[in-house]
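# Descriptive structure summary
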Amino acid sequence: MVQFGVGQPVPRTEDNRLVIGNGSYTDDITEPNQAHAYMLRSPMAHAKITSIDTSDAKAAPGVIAVYTGADIEAAGIGLVPCLVAVLPNRDGSKMQLPPRPLLQKDFVRYVGDSVAMVVAETPNQAKDAAELIFVDYEELPAISDTEAAAAPDAVKAWTDGPSNVCFDWEFGDEAKAEEVFQSAAHVTKLRLVNNRVVVNSMEPRAAAATYDAATDRYTLTLGSQGVHRMRQQICQQILNIPEEKLRVVTKDVGGGFGMKGFMFPEYPLVVWAAQKTGRPVKWTGERSDAFLTDTQGRDQVTNAELALDEGGKILAVRMETIASVGAYGSQFGPAIPTLAAVGMHAGVYNVPVQYNHVRCVLTNTTPVDAYRGAGRPEASYIIERLVDTAAKELGLTPDELRKRNFVRPDQMPYDSPSGVNFDSGEFERNLIDAYQKADVSGFDARQKQRRAHGQLSGLGVSYYVERTGGSNIEYAQIEINPDETVVVWIGTQSTGQGHETAFAQVVADKLGIPFASITVRSGDTSKLGKGTGTGGSRSAYLGSGAATEASNDAIEKGKSIASNELEAAAADIVYGDGAFSIAGTDRSIGLFDVARIAATQAQGDDIQALVGDGVYEQEGNTYPNGCHICEVVIDPETGVTSIDRYTAVDDFGTVVNPLLLAGQVHGGIVQGLGQAIGENTVYDGSGQLLSGTFMDYWMPRADDFPIFDFSYNEVPCTKNPFGIKGCGEAGTVGALGAYVNAVVDALKDRDITHIDMPITPEKIWNVLHS
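Analysis parameters
- Residues numbered from 1 in each chain as written.
- Predicted model: local features only at pLDDT ≥ 70, side-chain atom pairs only at ≥ 80, totals over all residues.
- Heavy atoms only, no water.
- Pairing = 2+ DSSP bridges.
- Helix = DSSP H or I, 4+ residues; strand = E, 2+ residues; numbered from the N terminus.
- Axes fitted to C-alpha atoms, helices over the stretch in contact; angles between N-to-C directions.
- Contact = heavy atoms within 4.5 Å.
- Parallel < 35°, antiparallel > 145°, perpendicular 65-115°, else oblique.
- Left-handed = near helix turned anticlockwise from the far one by under 90°.
- Nonpolar A, V, L, I, M, F, W, Y, C, P; charged D, E, K, R; others polar.
- Expected span 1.5 Å × (residues − 1).
- Buried < 20%, exposed > 50% of the residue type's maximum accessible area, 1.4 Å probe, protein only.
- Polar contact = N/O pair within 3.5 Å; in protein donor to acceptor, adjacent residues only side chain to side chain.
- Phe/Tyr/Trp six-rings, centres within 6.5 Å; stacked < 30°, edge-to-face > 60°.
- Lys NZ or Arg CZ within 6 Å of the ring centre and 35° of its normal.
- Core = buried A, V, L, I, M, F, W, Y, C linked by side-chain atoms within 4.5 Å.

### Comments concerning the sheet that holds strand E3 (residues 63-68)
Pairing within the open sheet is mixed, and its 7 strands lie in the order E3-E5-E1-E12-E9-E10-E11. The sheet terminates laterally at E3 and strand E11 (246-249), the two strands that pair on one side only. Taking each pair of neighbouring strands and ignoring which way they run, the sheet shows an average axis angle of 20°. Sheet analysis places strand E9 (residues 206-212) next to strand E10 (residues 217-222), joined by 6 bridges and oriented antiparallel. Across the sheet, residue Ala208 finds its bridge partner in E10, namely Thr221. Of the strands in this sheet, strand E1 (35-41), E3 and strand E5 (114-120) are in contact with helix H4 (residues 123-130), which crosses E1 at around 30°.

### A few points about the packing of helix H11 (residues 398-405) against helix H12 (residues 427-437)
Two quantities define a packed helix pair, namely the angle between the axes and the distance from one axis to the other. It is at 10 Å that the axes of H11 and H12 come closest, and there the two elements cross at 165°. The orientation of H11 with respect to H12, classified from their angle, is roughly antiparallel. Crossing hand, H11 versus H12: left-handed. Counted together, Pro398, Asp399, Arg402 and Lys403 of H11 and Glu428, Leu431, Ile432 and Tyr435 of H12 form the full contact between these two elements. Its residues assigned to classes, the contact of H11 with H12 shows 4 nonpolar, no polar and 4 charged.

### Some words on helix H14 (residues 499-511)
Taking 1.5 Å of rise per residue, the 13 residues of H14 would be expected to cover 18 Å, and the 18 Å separating its terminal C-alpha atoms lies within 8% of that figure. Summarising burial for H14: 10 of the 13 residues are buried, a large majority. His499, Thr501, Ala502, Phe503, Ala504, Gln505, Val506, Val507, Ala508 and Leu511 are the residues of H14 that are buried. The positive-phi residue at the C-terminal boundary of H14 is Gly512, with phi of around 70°.

### What to know about the side chain of Ser537
Position of Ser537 among the secondary structure elements: in the loop between strand E21 (518-522) and helix H15 (539-566). One polar contact links the side chain of Ser537 to the main-chain amide nitrogen of Gly728, over a distance of 3.5 Å. Among the polar contacts listed, one links the side chain of Ser537 to the side chain of Glu729, at a separation of 2.7 Å. When residues no more than four places from it in sequence are discounted, the contact partners of Ser537 are Glu466, Thr468, Gly726, Cys727, Gly728 and Glu729.

### Topic: the packing of aromatic side chains
For the structure shown, the criterion picks out 20 aromatic pairs. On the numbers, 5.9 Å between centres and 75° between planes, the contact of Phe264 with Tyr267 is edge-to-face. We note that Phe264, like Tyr267, is buried. Between Phe406 and Tyr463, the ring centres sit 5.3 Å apart and the planes meet at 65°, which makes this aromatic pair edge-to-face. Of this pair, Phe406 sits in the loop between H11 and strand E16 (414-415) while Tyr463 sits in strand E18 (residues 456-465), placing them 57 residues apart in sequence. Three or more aromatic residues joined by ring pairs make a cluster, and in this case those are Tyr349, Phe406, Tyr414, Phe422, Phe427, Tyr463 and Tyr623. Here the basic side chain of Arg205 rests over the ring of Phe264, its NZ or CZ set 3.8 Å away from the ring centre.

### Some points on the nonpolar core
The biggest cluster of nonpolar side chains holds 83 residues, and the ones touching the most others in it are Leu673 and Tyr739. Among the elements that line this core, the one with the most residues is helix H18 (residues 730-747), at 12 residues. Ignoring any residue separated from it by four or fewer positions in sequence, one finds Leu673 in contact with Ile643, Tyr646, Phe705, Phe708, Ala735 and Tyr739. In terms of nonpolar packing, the next biggest core, distinct from the first, is built from 51 residues, Ile72, Leu103, Leu269 and Ala273 among them.

### Here's the deal with the environment of Val271
Residue placement: Val271 occurs in helix H8 (residues 266-277). The buried category is assigned to Val271, whose relative accessible area is 1%. Put simply, Val271 and Cys235 are 36 residues apart on the chain and 10 Å apart in space, counted from C-alpha to C-alpha. If near-sequence neighbours (up to four positions away) are discounted, Val271 is found in contact with Ala209, Tyr218, Leu220, Leu239 and Leu246.

### Examining the environment of Ile518
Tracing the backbone through its elements, the reader meets Ile518 in strand E21. A C-alpha to C-alpha distance of 59 Å links Ile518 and His186, two positions 332 residues apart in sequence. Those residues in contact with Ile518 that lie beyond four places of it in its chain are Val486, Val488, Ala504, Val507, Ala508 and Ile513.

Next comes the structure, spelled out in structure tokens:
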């Protein structure tokens, strides 16, 4: 085994530079003669723009240019695209979405909608000038309530639309589901709210652009989850310029969580402004921009039902969901509560019949899109609340009802009626292990002791599964240099996951070379022509596949050189442990010796290394899964709830790096618990954001949680040669159900059967004292 190879807990190599302040983020960029942009946002949730006067702003000190929607329209610039707008309604008609120009000219549809951009010598001058722009608004009625927006007589968020329901989607057989529910021995029903959350990445969004008039080429640097899709959208759908004219770069990224994978107006605007002004232009969002304009997550209301027979076997699951997409269709917004969640509402159970009806509605709020888990946490929460509630109604323990309905290992590969294909999984094993590690058998004694002190206590179980993937293809290039270093360019993008470490482990294993000799890079369209980017928990297996294929390509090219040096046929050359050798002999030549020969053979060509290119495409998705158990203690006098224990036993297939895996799971659990405990985006009836600062928006902190007891069982995935299953979002998927089930269990003696997220102390106190 190579030191620091696959499976070893290698500490993150990138942390050394990041913790001492040597990271390089978009806002760190300072170009010569750089100008600064500031965005004027709408203060109203819904209004008609009757006029815009920019004369005072243009005359303000330091101002270089002021742009409005009229300028954007006159330049023929395209709209911010919704990439799933082609999806049809269940009756075959088209999805109905309002157009979204980079700057609004006629109407604004949420607080924070972009109205004008000021470019000035300094950030403060740009901000001061923006305050001098006079916009005359004619305020219109607004709608911010998700459930109310679906009513036929609701105020329209988009006055030109037929209704607020922009996408009416269904999956499954409605008639068959109705038949099953009519004859079922037992039916469990719940109304569940999946509350809206703000992404709140540590690093705000930012973008910086330059334009070289001599070559007619642009460079855009931004924090993203993949540069290639950004380039494609800006060039093909917005600015209408050839892709080879635009270089897109992403350096270090301080958190993405889905949101930094999407297109926002500021990105093409700074590119265009750099060309118009002839100056480098940088825009850096403030925290208020993040609250108002970053895509937000969740925001669904579901009426869910579970049908069971007299023996506790699940017969069917049925959901009616209203999901807000906000004021516009974001990149994947309408697909998150629909396609992203297909089949996940059945969880890890044998569910013969499933029906899911979703109405996506427009509201005068910030657009909603993928947020860590992207539809799967919502689906897992629904089925796990249903199963837990059904168990209590049937007088069964939570584990017993789950065991009766688990898909068994001997059923693998399992093709579910909902289209999910489980290739592997040992669900009951993970549940049993989690019960032992959480000491569930000792809970009654702990609960009795707490009751003696006037405390309430509950234990919640959740068994999650999620489908990872999406765009199941990735690209890589490997450069093996004469100086005995290796550079790997990968199409996926790190936003804090540890890619520089994990992919170096994969390449070290494959090539049999020192881990320390390998540098992993990403985020530059001029260095790697194609890439899919990060999202859907797919980076580990797709990136590993691409890096392996690139390594294989370099090895094959190296064999040709080695055969000449060793005076043997290329077919007789084998590779292993960092060297090429003649099969069956001790004659060999090292990888880096071959790289030096390759460099001398370049003969003035730009190639100064042994280069391999790799493309990896996977058929099908992976299905990480696991059992989470949460134990809570509630003070009934204050409503304050504390988590005493949190246990997770997961299955991520073959593990590349246990340390990185634990970090991903811990972070995912905290984000899920954040939503369940206190995070909540609140709008008033007029569409004003009431939770727009950290004074008003609760965020989880380290001392809100115990040390998580995390372990895993490796059940290799059969859909990729590495056995890897994705892990980046799994903690979030499992956390919601575990926490809410625990709180409801603590309150069961008070005849409380459900409480919606976020479960704040105030909410618990009111429930207990009402």
